[in-house]
Amino acid sequence: MRVIIQENYDKMCTWAANHIAEAIKAKKEGKFVLGLPTGSSPLGVYAKLIEMNKAGEVSFENVITFNMDEYLGLPHEHDQSYWYFMHDNFFDHLTDMKSENINILNGMTDDPEGECARYEEKIKACGGIDLFMGGIGVDGHIAFNEPFTSLNSRTGVRTLTTDTRIVNSRFFGNNPEKVPAKALSVGVGTVTDSKEVMILINGHAKARALAETVEGGVSQKWTCSALQLHPNAIIACDEAACGELKVDSYRYFLDVESAERL
């Protein structure tokens, strides 16, 4: 596992955006399959990628995207649906993103389990995900895979915890009851099947989650810990998120990355 420690959120996002752009450009044949999250953590990365795309530094013409999750019961036009979020914050601002290459789970489906199964099959049909970018919650959950979700889980229906609904209520008029109780989400196994996984962790509130991801044991309690078993896992974080890392761990990752640049 690589841990990329940057001074602040902006620098973390710049590093992550550059890494994604270089990965896209490095794939000379076929489509590049990119997994994407919603939430506050990736917003800076999306802004950087939009800038790079408009400047002609990276093309999304041959990129296929799969989003992590979607609320069950929210239509596309709802301003808190993740379909709306992705188009408003990213897709609509790219110069060459093809709508047919955008894949987001359908929160209004009449067959949630069938929708999730089809999503898994489409990922496989595309050759798997080349790079999955994600974020994590303060309890270390990836996508809507709450604590104690199986680390081998696949795309499916998830029941949201009270804590998650309270955290997300800031987008729903601070009323947790307005936050959908269920969502469709890729599984932990879906994410870790990707050829490369890059997780963004920023802010002091996620310091314990970062420490558990990097230093703790592999456990269903912290679904982020599954990254320890991935051969190409990257954590991109800012200084504020490093508050609970052991000093030796912090110095080790800085030293390794400095050596890589030599």
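Along its length, the protein carries 8 helices and 10 strands. A globule of 262 residues ought to have a C-alpha radius of gyration of about 18 Å, and the protein, at 18 Å, matches this closely. With respect to the three principal axes, the spread of C-alpha positions in the protein is 55 × 40 × 35 Å. Counting only residues that meet the buried cut, the protein has 54% of its 262 residues in that class. At a minimum sequence separation of 6, the contacts of the protein that also span at least 24 residues come to 78%. Summing over all exposed atoms, the protein offers an accessible surface of approximately 11,900 Å²; the carbon and sulfur share of this is 50%. Taken together, the 25 basic and 37 acidic charged side chains of the protein have centroids lying 2 Å from each other.

Here we take up unusual backbone geometry. Positive phi values are uncommon outside glycine, yet Phe148 reaches one of about 80 degrees. Here Phe148 is to be found in the loop between strand S6 (131-135) and strand S7 (156-159). Phi is positive for Asn174, close to 60 degrees, though the residue is something other than glycine. Among the secondary structure elements, Asn174 is positioned in the loop between helix H5 (162-168) and strand S8 (182-185).

Glancing now at the sheet that holds strand S4 (residues 69-71). Whenever strands of a sheet pair, they do so through backbone hydrogen bonds, lying parallel or antiparallel. Strands sit in the order S4-S8-S7 across an open sheet of 3 strands; the sheet is antiparallel. The strands lining the two open edges of the sheet, one partner per strand, are S4 and S7. Across the sheet, the mean angle from the axis of one strand to that of its neighbour is 30 degrees, orientation sign disregarded. Both S4 and S8 contribute to a ladder of 3 bridges, which runs antiparallel. Counterpart to Asp69 in the pairing with S8 is Ser185. Contacting S7 and S8, helix H4 (residues 112-125) runs over the sheet at an angle of about 125 degrees to S7.

With that settled, the discussion passes to the packing of helix H2 (residues 43-54) against helix H3 (residues 82-89). Two elements in contact, H2 and H3, have axes whose closest approach is 10 Å; the angle formed by their N-to-C orientations is 40 degrees. The angle between H2 and H3 falls in the class oblique. Between H2 and H3, the residues in contact are Leu43, Tyr46 and Ile50 and Phe85, Met86 and Asn89, respectively. Classifying every residue of the contact of H2 with H3 by side-chain character gives 5 nonpolar, 1 polar and no charged.

We now examine the sheet that holds strand S3 (residues 63-67). Strands sit in the order S1-S10-S9-S6-S2-S3-S5 across an open sheet of 7 strands; the sheet is parallel. Two strands lie at the open edges of the sheet, namely strand S1 (2-6) and strand S5 (102-103), each paired on one side alone. Examined bridge by bridge, S1 and strand S10 (residues 233-238) share 5 bridges and lie parallel to one another. Considered in S10, the bridge of Val3 is made with Ile235.

A full pass over the atoms with the stated rule returns 9 aromatic pairs. Centre to centre, the rings of Tyr71 and Phe144 are 5.7 Å apart; their planes meet at 45 degrees, and the pair counts as tilted. On the criterion of sequence distance, the pair formed by Tyr71 in strand S4 and Phe144 in the loop between S6 and S7 is long-range, its members being 73 residues apart. Exposure class is identical for Tyr71 and Phe144. Each is buried.

Cut-off values and rules
- Residues numbered from 1 in each chain as written.
- Predicted model: local features only at pLDDT ≥ 70, side-chain atom pairs only at ≥ 80, totals over all residues.
- Heavy atoms only, no water.
- Helix = DSSP H or I, 4+ residues; strand = E, 2+ residues; numbered from the N terminus.
- Rg over C-alpha atoms; globule rule 2.2 N^0.38 Å.
- Buried < 20%, exposed > 50% of the residue type's maximum accessible area, 1.4 Å probe, protein only.
- Contact = heavy atoms within 4.5 Å.
- Areas by Shrake-Rupley, 256 points an atom, 1.4 Å probe, with all protein chains shown as cover.
- Lys, Arg positive; Asp, Glu negative; His and termini not counted.
- Charge placed at Lys NZ, Arg CZ, Asp CG, Glu CD.
- Pairing = 2+ DSSP bridges.
- Axes fitted to C-alpha atoms, helices over the stretch in contact; angles between N-to-C directions.
- Parallel < 35°, antiparallel > 145°, perpendicular 65-115°, else oblique.
- Nonpolar A, V, L, I, M, F, W, Y, C, P; charged D, E, K, R; others polar.
- Phe/Tyr/Trp six-rings, centres within 6.5 Å; stacked < 30°, edge-to-face > 60°.

Keep in mind these values describe shape, not function.
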